[in-house]
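Each chain is listed here by its residues.
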Amino acid sequence: MIVNSPYSGKPMRIVYEKDTWDFRGEKFPYVHIAFRDDEHNEQFTTTESDTACYEQVTNQYRAKYGIPYTDEIIAVRQRYGISAAKMSLILGIGINQYRLYEQGEVPNVSNGRMIRSIMNPKVMLEMVESSKNELSASEYEKITAKVKATITESSAYKLEQYETRRIFNESRGMNNGFAQTSLVRLKNIMLYIINRCDDVWCTKMNKLLFYVDFLSYRERGLAMTGLSYRAIDFGPVPDRWDRVYSEFSEVKQELRQVGDFVGSILTASQEADMSMFTDDEINVLEAVCSNFGNKSSREISHLSHEEKAWIDYHANHERIPFIEAFSIKAL
């Protein structure tokens, strides 16, 4: 993130400072992001940096109290195929308030837990039934049919959830940068990297995913892949990385020999579907691929060994906390 001084037009120095934020009567630790104009002794923030700080804090609050994340609130409504106006009516939440939840405002605990409860379609069906008199007959029949169909499909949904838990070492929280634990998103991130970068060996993919997640957390307050990371002798690696790389039929591992070295290189059988990613997420992927795409596995490993995120945690193969996103030097 580069921000120019409003006085000189020159790039300002980024300042990361640990601080606490009083959110709804509780103090949460976070890293404040600001831009320093040393020449004029002035400090500034931007909308983007303020949002990243807000996400750091509010995601901790959501995790503590079981409040759904913004993408989950949107996803559950879309799963039932209804509008925001009808969802607000069924939940008994004002439409303007509900729309703010879908735009990132944090629900209070009671509303948040109510929204989480309707992720169970049987609970949702009860809520629709309770709202029957507020819906037209056609609306009631249409929504009821959709929710019942979702109940019928719930075995497939449960299987998907099982597969997700099998791959991701952690449920959504601080250990994976509060990222969505989505197999589809992870697959398409990997496809994008393979198609965008030169010779993506497993070792190189390990480092690229690490930089994607830690850069995303630094810039947005949210990681992207849902993976957690450990510092091992050869650099940062995702937990269960070997299982991850063999999960998707669209990602192939091919044994290849270069000199005396024999290893696995990753290839893709299709292009990535980027429609599920925001512009900010695509910018993160592009930044990582532009910086490291033509570097060898050895070169990227060397860079990762210069990161505090590896230096401080590799002796005991510890998990790398996402607070180290603010110490990353290579990006």
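A quick note: this is a predicted structure, and the numbers were derived from the prediction, not measured.

About the criteria used
- Residues numbered from 1 in each chain as written.
- Predicted model: local features only at pLDDT ≥ 70, side-chain atom pairs only at ≥ 80, totals over all residues.
- Heavy atoms only, no water.
- Helix = DSSP H or I, 4+ residues; strand = E, 2+ residues; numbered from the N terminus.
- Contact = heavy atoms within 4.5 Å.
- Buried < 20%, exposed > 50% of the residue type's maximum accessible area, 1.4 Å probe, protein only.
- Axes fitted to C-alpha atoms, helices over the stretch in contact; angles between N-to-C directions.
- Parallel < 35°, antiparallel > 145°, perpendicular 65-115°, else oblique.
- Nonpolar A, V, L, I, M, F, W, Y, C, P; charged D, E, K, R; others polar.
- Pairing = 2+ DSSP bridges.

Peer 1: Could you clarify how one ought to interpret the environment of Trp21 in this entry?
Peer 2: The residue Trp21 is located in strand β1 (residues 13-23) in this model. Spatially, the C-alpha atom of Trp21 lies 9.6 Å from that of Val31, the residues being 10 residues apart in sequence. Excluding anything up to four places from it in sequence, Trp21 contacts Glu26, Lys27, Phe28, Tyr30, Cys53, Tyr54 and Val57.

Peer 1: Help me understand unusual backbone geometry, please; the structure alone is not making it clear to me.
Peer 2: Most peptide bonds adopt trans geometry, and most residues besides glycine take a negative phi value. One non-glycine residue, Asn41, lies in positive phi territory at about 55 degrees. Here Asn41 is to be found in the loop between β2 (26-37) and β3 (42-44). Here Asn41 falls in the exposed class, since its relative accessible area comes to 55%. In this structure, Arg240 is a non-glycine residue whose phi angle is positive, near 60 degrees. Mapped onto the elements of the fold, Arg240 is located in the loop between β5 (235-238) and α11 (241-245). Since its relative accessible area comes to 31%, Arg240 is described here as partly exposed.

Peer 1: I tried to follow the packing of helix α1 (residues 47-65) against helix α10 (residues 202-220) on my own but got confused; where do I start?
Peer 2: A pair of packed helices is characterised by two quantities: the angle between their axes and the separation of those axes. At their nearest, the axes of α1 and α10 sit 7 Å apart, and the two run at 105 degrees to each other. The pairing of α1 with α10 is recorded here as roughly perpendicular in orientation. Across the interface between the two elements, Glu48, Ala52, Glu55 and Gln56 of α1 pack against Tyr217, Arg218, Glu219 and Arg220 of α10. Of the residues contributing to the contact of α1 with α10, the split by class is two nonpolar, one polar and five charged.

Peer 1: How should the environment of Thr150 be read in this particular structure?
Peer 2: Checked against the element boundaries, Thr150 lands in helix α7 (residues 137-152). The class of Thr150 is buried, set by a relative accessible area of 3%. Distance in space between the C-alpha atoms of Thr150 and Asn120 is 9.5 Å, their sequence separation being 30 residues. Ignoring any residue separated from it by four or fewer positions in sequence, one finds Thr150 in contact with Arg79, Tyr80 and Pro121.

Peer 1: What is the right way to read the sheet that holds β2 from this model?
Peer 2: Sheets are built from strands that pair by backbone hydrogen bonding, the pairs being arranged parallel or antiparallel. Strand order in this open sheet of three strands is β1-β2-β3, and the pairing throughout is antiparallel. Both edges of this open sheet fall to β1 and β3, since each of them pairs with a single strand only. Looking at each pair of strands side by side, their axes are set apart by 40 degrees on average, direction ignored. Note that β2 and β3 share three bridges and pair antiparallel. Along β3, the bridge assignment pairs Phe35 with Phe44.

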